[in-house]
Amino acid sequence: MQLVFATNNRNKLKEVQTLVPKHIKLLSLADILCNEDIPETQPTIEGNAKQKAEYVKTNYGYDCFADDTGLEVDVLNGEPGVFSARYAGSKCNSEDNMKKLLFELGDNTNRDAQFKTVIALHLNGKLSTFTGICKGEIATEKHGVEGFGYDPIFKPNGYDKTFAEISLEEKNKIGHRGKAVVQLIKFLIT
Ligand code: IMP
């Protein structure tokens, strides 16, 4: 089986590729010669995942899946959430986003948060979604160099380390995207 993973994010591709069985060949957006920015204009994480999958199917004709992820912080009423990628502004990077989040939290002692990933699969004319959640807390400062995005400031529950201090395999086992991908794979192989 051949399936497009609608992402340009090499880190995501690497995470997902290690989980998918070998007989499912993943194609990236580059593989289907899609070099444009796919619209993500919906008000929810689920809406954005569906929008991306539908966009690729409609414009490129491939069955595909897309993911959208947000970091939801309890005392910030679920922010940055669907705005996680552009929390500090549309031209900002992950460093800026983490800096803003640490500033907004200040010395607040409730630092509970969760990562949420929704994967939308467009297959044989049907759209299905799979959700993965990883609960944890926001560290008071950055630690570690692995991973990407907010990984250096997110400590999953049960760990005294951030996502950026653990291996890709370990993150996949307990992480939001890994949990959503496991459901996706189950759906694909049954
Ligand atoms: P998107 O799913 O690519 O739209 O990601 C939204 C934002 O969350 C971006 O700023 C990503 O860097 C960040 N992000 C997505 N997945 C992860 C993750 O697994 N760890 C840390 N940050 C992530």
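Residues numbered from 1 in each chain as written. Predicted model: local features only at pLDDT ≥ 70, side-chain atom pairs only at ≥ 80, totals over all residues. Heavy atoms only, no water.

## Some details on the packing of aromatic side chains
Applying the stated criterion across every chain, the model contains five aromatic pairs. When the centroid spacing of 5.2 Å and the interplanar angle of 40° are considered together, the rings of Phe 154 and Phe 163 count as tilted. The class of Phe 154 is buried, set by a relative accessible area of 0%. Among the aromatic residues, those joined into a cluster by ring pairs are Phe 115, Phe 154 and Phe 163. Positioned above the aromatic ring of Tyr 87 is the side chain of Lys 100, whose terminal nitrogen or guanidinium carbon lies 4.9 Å from the ring centre. The positively charged end of Lys 171 is found above the aromatic ring belonging to Phe 163, 5.3 Å away from the centroid. (Phe/Tyr/Trp six-rings, centres within 6.5 Å; stacked < 30°, edge-to-face > 60°. Buried < 20%, exposed > 50% of the residue type's maximum accessible area, 1.4 Å probe, protein only. Lys NZ or Arg CZ within 6 Å of the ring centre and 35° of its normal.)

## Regarding the site of the ligand
Taken together, 14 residues are adjacent to the ligand, and Lys 12, Asp 151, Lys 171, His 176 and Arg 177 come closest. Measuring from an oxygen atom of the ligand, one finds a side-chain N or O atom of Lys 12 at 2.7 Å. Asp 68 places a polar side-chain atom, nitrogen or oxygen, 3.2 Å from an oxygen atom of the ligand. Burial of the ligand by the surrounding chains reaches 90%, relative to a free accessible area of 480 Å². Mapped by element, the contributors of at least two residues to the shell around the ligand are β3 (64-73) and α5 (176-189). In terms of residue class, the shell around the ligand is made up of four nonpolar, four polar and six charged. (Near = heavy atom within 4 Å. Polar contact = N/O pair within 3.5 Å; in protein donor to acceptor, adjacent residues only side chain to side chain. Areas by Shrake-Rupley, 256 points an atom, 1.4 Å probe, with all protein chains shown as cover. Helix = DSSP H or I, 4+ residues; strand = E, 2+ residues; numbered from the N terminus. Nonpolar A, V, L, I, M, F, W, Y, C, P; charged D, E, K, R; others polar.)

## Looking at the side chain of Lys 155
Looking at the secondary structure, you find Lys 155 in strand β7 (residues 154-156). Here Lys 155 falls in the buried class, since its relative accessible area comes to 18%. Looking at Lys 155, its side chain comes within polar contact range of the side chain of Asp 160, at 3.5 Å. Setting aside its immediate chain neighbours within four residues, Lys 155 contacts Gly 136, Glu 137, Ala 139, Asp 160, Lys 161 and Thr 162. (Contact = heavy atoms within 4.5 Å.)

## Here we look at the pairing of β3
Of all 10 residues in β3, 10 are buried, a share of seventy percent or more. Burial of β3 is two-sided: the residues Cys 64, Ala 66, Asp 68, Gly 70 and Glu 72 facing one way and the residues Phe 65, Asp 67, Thr 69, Leu 71 and Val 73 facing the other way are all buried. Inspection of the sheet shows strand β1 (residues 2-5) paired to β3 by two bridges, in the parallel sense. What sits directly across from Phe 5, in β3, is Phe 65. For β3 and strand β5 (residues 112-123), the ladder comprises 10 bridges, and the chain directions are antiparallel. Along β5, the bridge assignment pairs Asp 67 with Ile 119. In this antiparallel pair of consecutive strands, β3 and strand β4 (residues 79-81), the connection spans five residues, and Asn 77 shows a positive phi of 55°. (Pairing = 2+ DSSP bridges.)

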